[in-house]
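Take a look at the letters that make up each chain.
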Amino acid sequence: MMDTYSFARSQELFVRAARVIPCGIPGHFSPAPLVPPDAYPFFAQSGKKAHFTDADGNDFIDYMCAYGPMVLGYDNKVVHDAAAKQRRLGDTLGCPSPVMIELAEKLTSMIAGADWAFFAKNGGDQTSYATMIARAATGRPLIVAIDGGYHGVAPWMQGLGHHGVLAGDMAGFVRIPWNDPAAFERVLDEHPGKVAGFIATPYHHPTFEDSVLPAQGYWRRIRELCDRHGVVLIVDDVRCGFRISLRGSADHFGFTPDLACYCKAIGNGYPISALVGTEAMKSEAARVFYTGSYWYQAVPMAAGVACLAELERLDAPTKMQEYGKELTGGLQRLADKHGYELRVTGMPSMPFVRLADDPSMMLHQRWCAECTRRGAYFTSHHNWFMSCAHTQEDLERTLAIADDAFAALEKSPEGQGVG
Amino acid sequence: MSSFEDVRARLNLFAVLPNLEDVVRDDPEMRALVADTRLTVRLTIANGPGTAVRFDHGQCSVGPVTRKDEGGRAGGDGAEGAGGAGPTVRLAFTSAAHLNKMFDGKGQPIPYWGFTHLGFLMKQFTELTDRMAYYLTPTDELLAHPGYLAMNTVLTLNTAAFAVPVLLGHDPECVPLRHGLSHGTVVIKVLPGGPAVSLVCGASDVLPVKGELTHPSALVLLKDLPTANDFLAGKLDTFVAAVTGDVQIWGRVAMVDTLALVLDRVGKYLQPAATEAATPTAAG
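Residues numbered from 1 in each chain as written. Chains lettered and ligands numbered in written order. Predicted model: local features only at pLDDT ≥ 70, side-chain atom pairs only at ≥ 80, totals over all residues.

Trainee: An account of the confidence of the model for chain B is requested, with residue identities and associated values reported.
Mentor: Residue and element names in this part refer to chain B. When pLDDT is averaged along chain B, the result is 86, and 85% of the positions lie at 70 or above. Here residues 272-279 scores under 50 on pLDDT; set against residues more than four positions off or in separate chains, the count is 24 contacts. Per the prediction output, this complex has pTM 0.91; the corresponding ipTM is 0.90. (pLDDT = per-residue confidence, 0-100. Contact = placed C-beta atoms within 7 Å.)

Dropping the structure here:
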C-alpha cells in the first residue's frame with residue numbers, strides 16, 4: 001500500500017482562518033463538501049503545471065484545476081510573461097489599456113457568432129448582465145432557467161429558501177427541467193409576451209449529480225422557440241468554455257446563442273470574464289450600465305490574450321478531451337478489476353465521476369478521499385477538470401493511486417470510518 | 001400559503017408536542033404521574049389541523065387524530081372510546097393564534113368535550129407540559145447537568161426533525177426547497193450511541209422518525225452531546241464544525257444542505273425559545 005498524506009498544517013491554518021473569516025474558507029472552496037474533510041488539504045502554497053503543493057508540503061495531481069481556471073497549468077510561463085509585460089506598462093490605469101480591444105478581437109475571432117465582447121471579473125457578473133440585456137432588449141420581465149443549473153451566487157441564482165434571498169428576488173425567474181423543450185413551450189404559452197430570456201449551460205452539470213448531455217435536437221428546438229417568441233438565448237459557458245471547443249460550446253452542440261458568458265478558462269487564473277454576443281444584441285448591451293472598480297485591469301486582459309493563443313496553439317479542447325477519456329477509461333477498468341462500477345458522465349474534459357455501487361455516495365466519498373490522501377486530488381461532489389498540463393506521467397501515477405485506493409476500500413469493511 | 005401563526009401552530013402541534021412521549025418515557029416522575037391514566041387529549045384548531053395525545057398506563061404517544069379518537073364522542077361525555085386510549089378530552093382553539101397563545105402560556109383552550117376529565121387537564125397534563133417546557137428552556141446552569149443536557153438535546157433534536165415536514169409543507173420560503181430533497185433517508189445521530197432521528201424523504205412528503213433507520217442516504221454525525229446541543233441551538237458554525245470533525249457529514253450532501261436550510265427556519269417560529277413556545281398550560 002502507498003503512504004498516505006497528513007494535513008496537520010492545513011487543519012491548523014483552518015482553525016486560525018475560522019477565527020477571522022466566516023466559514024474559515026467560504027464559498028466553493030469551503031472544505032465542508034469534501035467528505036471526509038480530514039482527507040483533504042485546505043490550503044495550497046504553490047502550483048506548477050498540473051500539480052499543487054499544499055501547506056503541509058504534500059504534492060497533488062490536481063483534477064479540480066482551481067475549479068476550472070487552471071487550463072494551461074499552474075505557473076504557465078507564456079501567460080505569466082504576457083501578464084508581466086503588461087504589468088510593467090500598467091494595470092489599473094486612468095483609462096483602459098489597448099489590450100482590452102486586443103482581447104475582444106481575439107474572442108470575437110474565436111467564438112462562433114460573437115461580434116462583440118464585454119469584460120468583468122467573474123462568471124456571475126456576466127450571467128447577471130446577460131439577463132439584464134435580455135430584459136432591456138425585449139422589454140419583458142421573465143427569465144427561464146434550468147432546475148439545478150448553476151449561474152453564480154446572486155439571489156436569483158440561488159433561489160428562495162437560501163439565506164438572504166427574498167421572494168421578490170425570484171419574481172422574474174421561472175425554473176424548468178433540463179432537456180425538456182416542452183416545459184419551455186408551456187412557460188411561453190402561460191406567459192405570452194413576458195419571457196425575455198432563456199439561460200442554460202451547454203449541458204447540465206449540477207453539483208452532487210451526474211451530468212446530462214443535451215438530448216438529440218434539444219438545442220435546435222430551444223433556438224426555434226426563442227426565435228419564434230422573440231426570446232434572447234443565453235448560454236452560460238463559464239465552466240465548459242474552451243474545454244469543449246475553442247469556437248464555444250454552443251458551436252459544438254450545433255447552435256448559436258444570442259449571448260454567451262465566459263470566465264474560467266480565459267486567463268489561466270488571472271481574473272477575467274467575458275460576455276460575448278451577436279451584432280443584434282450589441283446596442284442593447286450598450287444601453288445597460290454595468291461596471292466594476294477592477295473590470296478594466298489590463299494585466300488579466302493581457303493574460304487572457306496569451307492564454308487564448310496558447311489554447312489555440314495546443315488545440316486545447318482535443319488535448320483535454322483525450323486526456324479525460326484516457327483517465328476515466330483507465331479508472332473504469334480499475335474499478336471493474338476491483339469489482340466496482342465507475343460511472344462517468346459529461347464531457348471527458350470535465351467529467352462527473354462516481355462509484356455507482358452505492359447510491360448514497362458514501363463509498364464514492366471514501367474512494368475519492370483515499371485517492372486524495374495518496375496524491376490524486378479528486379472531489380466527490382463536483383465534476384473534475386482536465387488541463388493541458390496533465391501528462392502521461394500524471395496519468396500513470398493517477399491510475400496507480402486509484403488502484404491502491406480501491407485496494408484500501410477492500411481492506412476497510414463497508415462503512416468503516418462512517419458513523 | 002400559510003400565515004406565520006398557522007405555521008407556528010403546526011410546529012407546536014406536530015414538532016413540539018410529540019416531545020411529551022419522551023418526557024413520559026424518560027422522566028420517572030412524569031411516568032409515574034400518568035401510570036394509571038388511560039385518556040386521549042385531542043387538540044383541534046377550528047377549520048385547521050389537530051393532533052391527539054394519548055396516555056395509556058405510563059406511556060404516551062402523540063399523533064394524528066384517528067377514528068379511534070372519536071370514540072369518546074360516540075360514547076358520550078368522557079365515555080370509553082371504541083379502541084382509542086380511553087376517553088377523549090377535546091380542547092378546541094378558535095384559531096392558530098389561540099393555540100399559539102396557549103403554548104406561550106398566555107391563553108386557555110375551550111374544553112368542549114370530556115369535562116369530567118378537567119382535573120387531569122389542570123393537574124397532570126399541565127405538570128407534564130410544564131416539565132416539557134422546562135426541558136426545552138435551557139440555561140447554561142441547567143445544561144451543566146448531564147441528565148438535563150441529554151434530555152434537552154433529545155427534545156430539541158426531535159423538534160428539529162418533526163419541524164421539517166411542517167416547514168416544507170407550509171413555510172413560504174421552505175416550500176421551494178422540497179424539490180432539493182431526493183428520495184432517501186437522512187439520519188442525524190449523536191455519537192457514540194445516540195440519540196438519533198431519521199427523516200425519510202419520499203416523493204411528496206418527509207416522514208420524521210425518532211431513532212436511527214438503516215441504509216441512510218446521508219448521515220449527519222454529531223461528535224457528542226454538548227456538540228449536538230450547540231449544533232441544535234445554532235451556537236455552532238456548522239461549516240467550520242463540518243471541517244473540524246465536530247459534525248461529520250456523509251452521503252448525499254445536497255440533502256443535508258437542503259435540510260439545513262429548512263432547519264435554519266425553525267427559530268423564526270419557535271425562538272426566542274422552543275422554550276416559551278413549549279408551554280401548553282392547558283388548564284391555565
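Trainee: Tell me what's going on with the domain arrangement of chain B, and back it up with residues and numbers.
Mentor: Residues and elements named next belong to chain B. Here chain B is described as being made up of domain 1 (4-138) and domain 2 (141-270). Taken together, the 15 residues of domain 1 in the interface contact 15 residues of domain 2. Among the elements of the structure, helix 1 (4-16) and helix 2 (19-26) are those that each provide at least two residues to the side of domain 1 that touches domain 2. When residues of the side of domain 1 that touches domain 2 are assigned to their parent elements, the largest contribution, 8 residues, is made by helix 1. For the side of domain 1 that touches domain 2, the class distribution of residues is 9 nonpolar, 1 polar and 5 charged. (Domains from an automatic or database assignment. Helix = DSSP H or I, 4+ residues; strand = E, 2+ residues; numbered from the N terminus. Nonpolar A, V, L, I, M, F, W, Y, C, P; charged D, E, K, R; others polar.)

Trainee: Explain the domain arrangement of chain A to me, and be specific about the residues and the numbers.
Mentor: Residues and elements named next belong to chain A. When cut into domains, chain A gives domain 1 (8-62 + 316-411) and domain 2 (77-314). Between the C-alpha centres of domain 1 and domain 2 the distance comes to 28 Å. Listed per partner, the contact involves 15 residues of domain 1 and 16 residues of domain 2. Of all the secondary-structure elements, those providing two or more residues to the side of domain 1 that touches domain 2 are helix 11 (316-337) and strand 11 (342-345). Here the residues of the side of domain 1 that touches domain 2 are counted per class, giving 7 nonpolar, 6 polar and 2 charged.

Trainee: Give me the nonpolar core: which residues, what numbers.
Mentor: Ranked by internal contacts, the top residues of the largest apolar core, which has 211 residues, are Phe119, Phe198 and Ala302 of chain A together with Val186 of chain B. When residues in this core are grouped by element, the largest group, 12 residues, is from helix 8 (residues 146-170) of chain B. Contact partners of Val186 of chain B, with chain neighbours within four places excluded, come to Leu199, Cys201, Pro216, Ser217, Ala218, Val220, Met255, Val256 and Leu259 of chain B. (Core = buried A, V, L, I, M, F, W, Y, C linked by C-beta atoms within 7 Å. Buried ≥ 20, exposed ≤ 12 C-beta atoms within 10 Å, placed from the backbone.)

Trainee: Describe the packing of helix 8 of chain B against helix 9 (residues 225-232) of chain B, naming the residues involved and giving the relevant values.
Mentor: Residues and elements named next belong to chain B. Between helix 8 and helix 9, the shortest axis-to-axis distance is 9 Å and the interhelical angle comes to 45°. Looking at the two axes, helix 8 sits oblique to helix 9. Where helix 8 crosses over helix 9, the handedness of that crossing is left-handed. For the pair helix 8 and helix 9, contact is made by Leu149, Ala150, Asn152, Thr153, Thr156, Leu157 and Ala160 and by Leu225, Pro226, Ala228, Asn229 and Leu232, respectively. (Axes fitted to C-alpha atoms, helices over the stretch in contact; angles between N-to-C directions. Parallel < 35°, antiparallel > 145°, perpendicular 65-115°, else oblique. Left-handed = near helix turned anticlockwise from the far one by under 90°.)

Trainee: Any chance you could break down the sheet that holds strand 1 (residues 44-48) of chain A for me, citing the residues and the numbers?
Mentor: Residues and elements named next belong to chain A. Pairing is mixed in the open sheet, where 4 strands are placed in the order 1-2-3-13. Strands at the two margins of the open sheet, each flanked by one partner only, are strand 1 and strand 13 (376-377). Note: strand 3 (residues 59-62) against strand 13, 2 bridges, orientation parallel. From the neighbouring strand, Ile61 faces strand 13, where its bridge partner is Ala376. (Pairing = 2+ DSSP bridges.)

Trainee: Lay out the interface of chain B and chain A in plain terms, naming residues and giving numbers.
Mentor: The interface is formed by 25 residues belonging to chain B together with 27 residues belonging to chain A. Looking at the side of chain B that touches chain A, its residues break down into 17 nonpolar, 5 polar and 3 charged.

Trainee: Provide a residue-level description of the sheet that holds strand 4 (residues 116-120) of chain A, including the pertinent values.
Mentor: Residues and elements named next belong to chain A. The mixed open sheet is built from 7 strands, whose spatial order is 4-10-9-8-7-5-6. The open sheet has two edge strands with one neighbour each: strand 4 and strand 6 (173-176). Along the sheet, successive strands turn relative to each other by an average axial angle of 20°, direction set aside. In this sheet, strand 10 (residues 273-277) lies alongside strand 9 (residues 259-262) in antiparallel orientation, the contact comprising 4 bridges. Within strand 10, the position partnered with Ala260 by the bridge is Val276. Contacts from helix 3 (residues 99-110) reach strand 4 and strand 10 within the one sheet, and its direction differs from that of strand 4 by about 125°. Packing against the sheet, helix 9 (residues 279-287) makes contact with strand 4, strand 9 and strand 10, and its axis sits at approximately 125° to strand 10.

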